[in-house]
Amino acid sequence: MVLLAGAYLYLRQSLPQTKGEIRLAGLIAPAEILRDRYGIPHIFAASPEDASFALGFVHAQDRLWQMEMSRRIAAGRLAEIVGPGGLETDRFLRTLGVRRAAEANLRTLDAETRKLLDAYAAGVNAFLATDPVLPPEFWLTGARPEAWQPADSVSWVKMMAWDLGGNWRDELLRMRLAKTLPLARIHELLPPYPGDPVPVIADLKELYSSMERDAVRLAQFAPDNEGLGSNNWVVSGARTASGKPLLANDPHLGLTAPPVWYFAHLHAPGLNVIGSTLPGVPGVILGRNEGIAWGFTNTGPDVQDLFIEKLDAAGGYLTPEGARPFQVVNETIRVKGGEPETLRVRISRHGPVISDVSRPALDAVPRGHVIAFSWTALAEDDRSMQAALKFARAREWDGFLAAARDFQSPQQNIVYADIEGNIGFVAAGRVPHRRPDNDLNGMAPAPGWQAKYDWAGYIPFDQLPRSYNPAGDAIVTANHRITPPGYPHFISSTWEPPFRANRIQQLLDETPKHTAQSFARAQADVVSLAMREMLPKLLATRPRSEAARQALALLAKWDGAMVPERAEPLIAWAWWRELTRAIYADELGEAFRTNWLARAVFLGNVLSGDPVSGRWCDDVRTPLVETCEEVLALSLDAALADLGKRYGSDRTRWRWGEAHLARHEHRPFGRQPLLAKLFDIRVPSPGDAYTVNVGRSNLNDEAHPFANRHAASLRAIYDLSDLEKSLYIHSGGQSGNILSDHYDAFSKAWAKNEYIPMRAERKTLDAEPHQLLRLTPLK
């Protein structure tokens, strides 16, 4: 007990110094860090460079372990601290080359951006130079932080882009299904956007007849992006009580402990911005300054393509102009408790050869072919970091657009509002232009030796979707299709279904004059339009048991609201889960688990009564022909039995919120049961994958299939009539240290859709409880 008490008291010293004075090398002039009652730092500096320095310092004070993990993930260096268990991820990320691309990008950034990146790194390293007591994770893993580098910051921006991509998972699935299913049935499982025609592409079975490979193993590295995205919307003063715009934003990301975002306020000459920062990255990514506010949602563009490269006898590969050698990069992966591993990375003209990173996949690749990966974020001239830092200093629409021109990856739907009353939107990002004779359009792996599949440049910025002061006085984006009819360029075939977008539009139309409170109610909305569409099909089921009859009677009185205190959402989603298993697990075989998704549009089509789509109800593994009526009844019984095992036989005690815990998983301790109890953050939550207040589960997680894994990572409402009345919240707390009161301070309020004020005026901050730390240059 004495030893534990001593260890606790010692580790308490890892909490940040928030009062007094610290002298630091690298600072140009004195700076002040005022932390408010929520632990949010308000930085007052004599220059933007010193503000960036101070931000690096406070990020390191509060989130050092998170930053260490972030850069190790991006650089493929996890095995150094977690051992052989990190090797597979390291191999993939070393092959992908995120860190190599970040280092190349630094050479293309302008002098101002480089200064801010250098100042930020200097601030992080100034903290490390104080020889601090390190947070508990460092002691438990034996890791020690290295000096921060600007490339670490750029790398993490790319990893954010990676998390928001992943359409190549569907490319691999189409390739695999082509062995057993005709193209028409593949299009049924992966349907077009509602209302769009079925795409016309090459016959995949014929294309891949001699090129089978282990697509399942490769798919494990692709982000599962169904239901991922964000909401944002903005209305002009014509639709608000104040006569000035209101803007709302809630980016949906995987829940982590600590959370992705860290709130901060930066004040310096020419700079006064407050909002959401990424630990490890300088500047405010989402927020507002004195004149404008902005918010992001993911556009969901197809900016990743797989290319099948045909090898030649000399060890190179074929191109339309003949054979060419691979570029080769040798990487050394250090392994905790093991010998270093040398990785030989091959890079074609399309990108890194990712089929090399999985030994079973490599063994399964037919002789003479490999798979290369193209991604816009790997371009050497990616200047997204530059754009992100310039948004904060824009004062009007033209200046904001000028910054957005450099925003290349990931493409984002950016909504905008200013204090003059203007609103706007631009889908900024680099999107490949595909040739008219490209008969795959990025929907399946393409033969790399045929020129027609090569990217033909990028869609010009001025031809990307854009709107400014639209006639309807409102702009809504929720990852649905944002291209107008007749738009000449291909951006994506994987838009999210418009359930959230339609619900937001309904809520906007229901209120003639909006306030921050009406926007907050919209962000809290848990009516699932997808579930409402599905309920009539479910309720037509003929029950085969008394338990099923009682469940159907309960669902018949339900309105599809995914509220935490009710049993109906849990019954409905357990049923939905068993339905998806029963309907398409047989066709997908071993590929099912990595592709087990809710697939609302597909499921609705299968249960619509259409005999063609209804074929999916038949289990192809049995000699009988099962009907959808049978599958509905059997899957309901299976769902109820599963719920009984998980939550007990008393259905009156079942609660969606308890099953749908928002599980913020710590890296890496969230996968260690004992440590997870200490480091993970868990709180009951509402919503589902299709509600405005989103809460998406991983159906393939047998232990916790209904847990909320992807949700609103933050919520913000910007009031352009008085920006000091703006509101925000994120899902965890400001600190990444489990010994801090700010580790999970926001979680319960976030789950209840509560907010804290977004204040930046010094006189207001001084009048409220705060702690003041002064940084002074070390002469």
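Structure first, text after, so check above.
Values in this document were obtained by computation on a predicted structure and should not be read as measured data.

Rules and cut-offs
- Residues numbered from 1 in each chain as written.
- Predicted model: local features only at pLDDT ≥ 70, side-chain atom pairs only at ≥ 80, totals over all residues.
- Heavy atoms only, no water.
- Helix = DSSP H or I, 4+ residues; strand = E, 2+ residues; numbered from the N terminus.
- Rg over C-alpha atoms; globule rule 2.2 N^0.38 Å.
- Buried < 20%, exposed > 50% of the residue type's maximum accessible area, 1.4 Å probe, protein only.
- Contact = heavy atoms within 4.5 Å.
- Areas by Shrake-Rupley, 256 points an atom, 1.4 Å probe, with all protein chains shown as cover.
- Polar contact = N/O pair within 3.5 Å; in protein donor to acceptor, adjacent residues only side chain to side chain.
- Axes fitted to C-alpha atoms, helices over the stretch in contact; angles between N-to-C directions.
- Left-handed = near helix turned anticlockwise from the far one by under 90°.
- Nonpolar A, V, L, I, M, F, W, Y, C, P; charged D, E, K, R; others polar.
- Expected span 1.5 Å × (residues − 1).
- Phe/Tyr/Trp six-rings, centres within 6.5 Å; stacked < 30°, edge-to-face > 60°.
- Lys NZ or Arg CZ within 6 Å of the ring centre and 35° of its normal.
- Salt bridge = Lys/Arg side-chain N within 4 Å of Asp/Glu carboxyl O.
- Parallel < 35°, antiparallel > 145°, perpendicular 65-115°, else oblique.

Caption draft 1: Representation of the overall build of the protein chain in the model. In terms of regular secondary structure, the protein chain is built from 26 helices and 31 strands. Whereas a compact globule of 779 residues would reach a radius of gyration of roughly 28 Å, the protein chain reaches 26 Å, a difference of no more than 12%. Once the C-alpha set of the protein chain is aligned to its principal axes, its extents read approximately 80 × 70 × 65 Å. Taking all 779 residues of the protein chain together, 64% fall into the buried category. Here the analysis covers contacts within the protein chain between residues at least 6 apart in sequence; of these, 72% occur between residues at least 24 apart. Summing over all exposed atoms, the protein chain offers an accessible surface of approximately 29100 Å²; the carbon and sulfur share of this is 53%.

Caption draft 2: Structural detail: the side chain of Arg 346. Topologically, Arg 346 is positioned in strand β15 (residues 341-347). Among the residues examined, Arg 346 registers a relative accessible area of 13% and is labelled buried. Separated by 3.0 Å, the side chains of Arg 346 and Asp 356 make a polar contact. If we skip the residues at most four places from it in the chain, Arg 346 touches Leu 311, Phe 326, Gln 327, Gly 351, Pro 352, Val 353, Asp 356 and Val 370.

Caption draft 3: Highlighting the packing of helix α19 (residues 546-556) against helix α20 (residues 568-588). Between α19 and α20, whose axes approach to 10 Å, the crossing angle comes to 120 degrees. When you trace α19 past α20, the crossing you get is left-handed. For the pair α19 and α20, contact is made by Ala 551, Leu 552, Leu 554 and Leu 555 and by Glu 568, Ile 571, Ala 572 and Trp 575, respectively. Taken together, the residues that form the contact of α19 with α20 break down as 7 nonpolar, no polar and 1 charged.

Caption draft 4: A look at helix α8 (residues 150-163). The end-to-end C-alpha distance of α8 is 21 Å, a good match for the 20 Å that 14 residues give at a rise of 1.5 Å each. The buried count for α8 comes to 13 of 14 residues, which makes it a mostly enclosed element.

Caption draft 5: Here's a closer look at the packing of aromatic side chains. With the rule as written, the count across this model stands at 34 aromatic pairs. Each ring, one from Phe 92 and one from Trp 168, has its centre 6.2 Å from the other, and the planes form 5 degrees; the classification is stacked. Of the two residues, Phe 92 is situated in helix α4 (residues 87-96) and Trp 168 in helix α9 (residues 168-177); the sequence distance between them amounts to 76 residues. Both rings, one in Tyr 584 and one in Phe 592, keep their centres 5.3 Å apart while their planes meet at 70 degrees; by these two values the pair is edge-to-face. A network of ring pairs unites the aromatic residues Trp 294, Phe 296, Phe 391, Trp 397, Phe 400, Phe 407, Tyr 416 and Tyr 468 as a single cluster. Taking the ring centre of Trp 139 as reference, the NZ or CZ of Arg 144 above it sits at 4.6 Å. Here Arg 346 stacks its cationic end above the ring of Phe 326, 5.0 Å away from the centre of that ring.

Caption draft 6: Representation of the pattern of salt bridges in the model. In total, this model carries 54 salt bridges according to the counting rule given. The salt bridge partner of Arg 288 is Glu 724, with a shortest N-O separation of 3.0 Å. One end of the pair, Arg 288, is in strand β9 (residues 286-288); the other, Glu 724, is in the loop between β28 (714-719) and β29 (727-730), and 436 residues separate them in sequence. Accessibility expressed as a relative area gives 5% for Arg 288, which makes it buried. On the accessibility criterion, Glu 724 (16% relative accessible area) is buried. Between Arg 577 and Glu 578 there is a salt bridge, with its nearest N and O atoms 3.8 Å apart. You can call Arg 577 buried: its relative accessible area is 1%. Judged by its relative accessible area of 10%, Glu 578 is buried. The network of salt bridges with shared partners includes Glu 68, Arg 71, Arg 72, Arg 77, Glu 80, Arg 99, Glu 103, Glu 146, Asp 152 and Arg 334.

Caption draft 7: Up close: the environment of Leu 440. Secondary-structure assignment places Leu 440 in the loop between β19 (432-434) and β20 (446-447). On the basis of relative accessibility, which here comes to 1%, the residue Leu 440 falls in the buried class. Residues Leu 440 and Ile 201 lie 239 residues apart in sequence; the distance between their C-alpha atoms is 5.1 Å.

Caption draft 8: Representation of the packing of α20 against helix α22 (residues 628-647) in the model. Viewed as axis vectors pointing N to C, α20 and α22 meet at an angle of 125 degrees, and their least axial separation amounts to 8 Å. On the basis of their axis angle, the class for α20 and α22 is oblique. In this structure, α20 crosses over α22, and the sense of that crossing is right-handed. Listed contacts from α22 to Leu 570, Ile 571, Ala 574, Trp 575, Arg 577, Glu 578, Leu 579, Ala 582 and Ile 583 of α20 are Val 631, Leu 632, Ser 635, Leu 636, Ala 638, Ala 639, Leu 640, Asp 642, Leu 643, Arg 646 and Tyr 647. Per-class residue counts for the contact of α20 with α22 are 15 nonpolar, 1 polar and 4 charged.

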